[in-house]
Amino acid sequence: MEFPDADPLNRLKRKDAEAMDAWVAANTDDLYRFLRQLTRQREAAEDLTQQTFVRALKGLQRFEGNCSMRTWLHRIAYREYLRWRKRQRLLPPLSPWLRASHKEFETIEEADQLVRALDQLPPALREAFLMFEVQDLQIEEIAEITHSPIGTVKSRLHHARLKLREALQPTFVEVCYEQPG
């Protein structure tokens, strides 16, 4: 949920219950989907979503508006995910929980094929790909969330796409990842 003026943000900072409820409701599904894709575990994603909002609400006074609230919230969620992953001491595979609305997935088999290919990517490439292609975050937002240079994010996306092209059928790749223009 973006705030075009400072008033709703000020309401959040004043801990206005109605504003907080609306803000959490507007962002829960997006964050949960993001964390579910990263963790591949429903319970972990639910817990991390909740932890993200707790941290965000505690840190709201420090939010200065240097980035969008969505970017800020995803950065917190990503940090929560990294803490969780460190506690797990393993790298979780990707969830098959991609958005079902992608028209490129003609069959469940194609979606499963993409999930398997994404599972084979190194975590940094997979995370960049998910943030850009599934969460619809801009490259600048991904750089901010991951504390990476913009060039690094672009490189990760490029390498993720190359590896996916190698792993997927040529016709499927042309439909999903052909370059514009």
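Cut-off values and rules
Residues numbered from 1 in each chain as written. Predicted model: local features only at pLDDT ≥ 70, side-chain atom pairs only at ≥ 80, totals over all residues. Heavy atoms only, no water. Core = buried A, V, L, I, M, F, W, Y, C linked by side-chain atoms within 4.5 Å. Buried < 20%, exposed > 50% of the residue type's maximum accessible area, 1.4 Å probe, protein only. Helix = DSSP H or I, 4+ residues; strand = E, 2+ residues; numbered from the N terminus. Polar contact = N/O pair within 3.5 Å; in protein donor to acceptor, adjacent residues only side chain to side chain. Contact = heavy atoms within 4.5 Å. Phe/Tyr/Trp six-rings, centres within 6.5 Å; stacked < 30°, edge-to-face > 60°. pLDDT = per-residue confidence, 0-100. Bend = angle between axes of the 7 residues up to and from the residue.

**Student:** Is there a simple way to explain the nonpolar core in this structure?
**Tutor:** As a rule of thumb, soluble globular proteins bury nonpolar side chains together. Counting residues in each nonpolar core, the largest one holds 37 residues, and the members touching the most others are Trp23, Met69 and Trp72. Elements supplying a minimum of two residues to this core: α1 (6–13), α2 (17–39), α3 (42–59), α4 (69–88), α6 (123–134), α7 (139–146) and α8 (150–167). Listed in part, the nine residues of the second largest apolar core include Leu114, Ala117, Phe129 and Leu164.

**Student:** How should I be thinking about the environment of Glu133 in this particular structure?
**Tutor:** The topology assignment puts Glu133 in helix α6. In the structure, Glu133 is positioned 24 residues away from Leu157 in sequence and 9.4 Å away in space, judged by C-alpha atoms. Among the polar contacts listed, one links the side chain of Glu133 to the side chain of Arg161, at a separation of 2.7 Å.

**Student:** It is not clear to me how the environment of Leu164 should be interpreted in this structure. Could you clarify?
**Tutor:** With respect to the element layout, Leu164 can be found in helix α8. The class of Leu164 is buried, set by a relative accessible area of 0%. Distance from Leu164 to Ala117, taken between C-alpha atoms, is 6.1 Å for residues 47 residues apart in sequence.

**Student:** Could you clarify how one ought to interpret the environment of Leu35 in this entry?
**Tutor:** Along the chain, the position of Leu35 falls in helix α2. Its relative accessible area of 0% is what places Leu35 among the buried residues. The contact partners of Leu35, leaving out residues within four places of it in the chain, are Arg40, Ala45, Leu48, Thr49, Thr52, Ala77 and Tyr81.

**Student:** Explain the packing of aromatic side chains to me, please; I cannot follow it from the model alone.
**Tutor:** The way to describe two aromatic rings as a pair is by their centre distance and the angle between their planes. Across all of its chains, the model carries four aromatic pairs by this definition. Both rings, one in Phe63 and one in Trp72, keep their centres 5.0 Å apart while their planes meet at 50°; by these two values the pair is tilted. In this structure Trp72 comes out as buried when scored by relative accessible area, which is 10%. Measuring from ring centre to ring centre gives 6.1 Å for Tyr78 and Tyr81, while their planes differ by 40°; the resulting arrangement is tilted. Here Tyr78 pairs with Tyr81, and both are found in helix α4, just three residues apart, close to one helical turn. Each member of the pair, Tyr78 as well as Tyr81, carries the same accessibility label: buried.

**Student:** How do you make sense of the confidence of the model for the protein chain when you look at a structure like this?
**Tutor:** Any segment with low pLDDT has predicted coordinates that should not be analysed in fine detail. On average, the protein chain scores 79 in pLDDT, and the residues at 70 or more come to 76%. For the protein chain, the element scoring lowest by mean pLDDT is helix α9 (residues 170–177), at 47; α3 scores highest, at 93. The low-confidence segment residues 1–5, where pLDDT is below 50, has 13 contacts with residues more than four positions distant or belonging to other chains. Contacts from residues 90–105, a stretch scored under 50 in pLDDT, to residues over four places away or in other chains number 51 contacts.

**Student:** Please clarify how α2 should be interpreted in this entry.
**Tutor:** Each α-helix turn comprises 3.6 residues. Residues three or four places apart therefore point the same way. The sharpest bend along α2 comes to roughly 40°, located at Thr28. Where α2 begins, the capping side chain belongs to Asp16, and its oxygen is found 2.9 Å from the backbone nitrogen of Glu18. Positive phi shows up at Arg40, right after α2, with a value of about 65°.

**Student:** Would you take a moment to explain unusual backbone geometry for this structure?
**Tutor:** Peptide bonds are, in most cases, trans, and in most cases residues other than glycine have a negative phi. Here the phi dihedral of Lys15 falls at roughly 65°; this positive angle occurs in a residue that is not glycine. Take Lys15: it is sitting in the loop between α1 and α2. Relative accessible area serves as the criterion here: at 53%, Lys15 is assigned to the exposed category. Phi at His147 takes a positive value of approximately 55°, unusual for a residue other than glycine. With respect to the helices, strands and loops of the structure, His147 is situated in the loop between α7 and α8. On the accessibility criterion, His147 (59% relative accessible area) is exposed.

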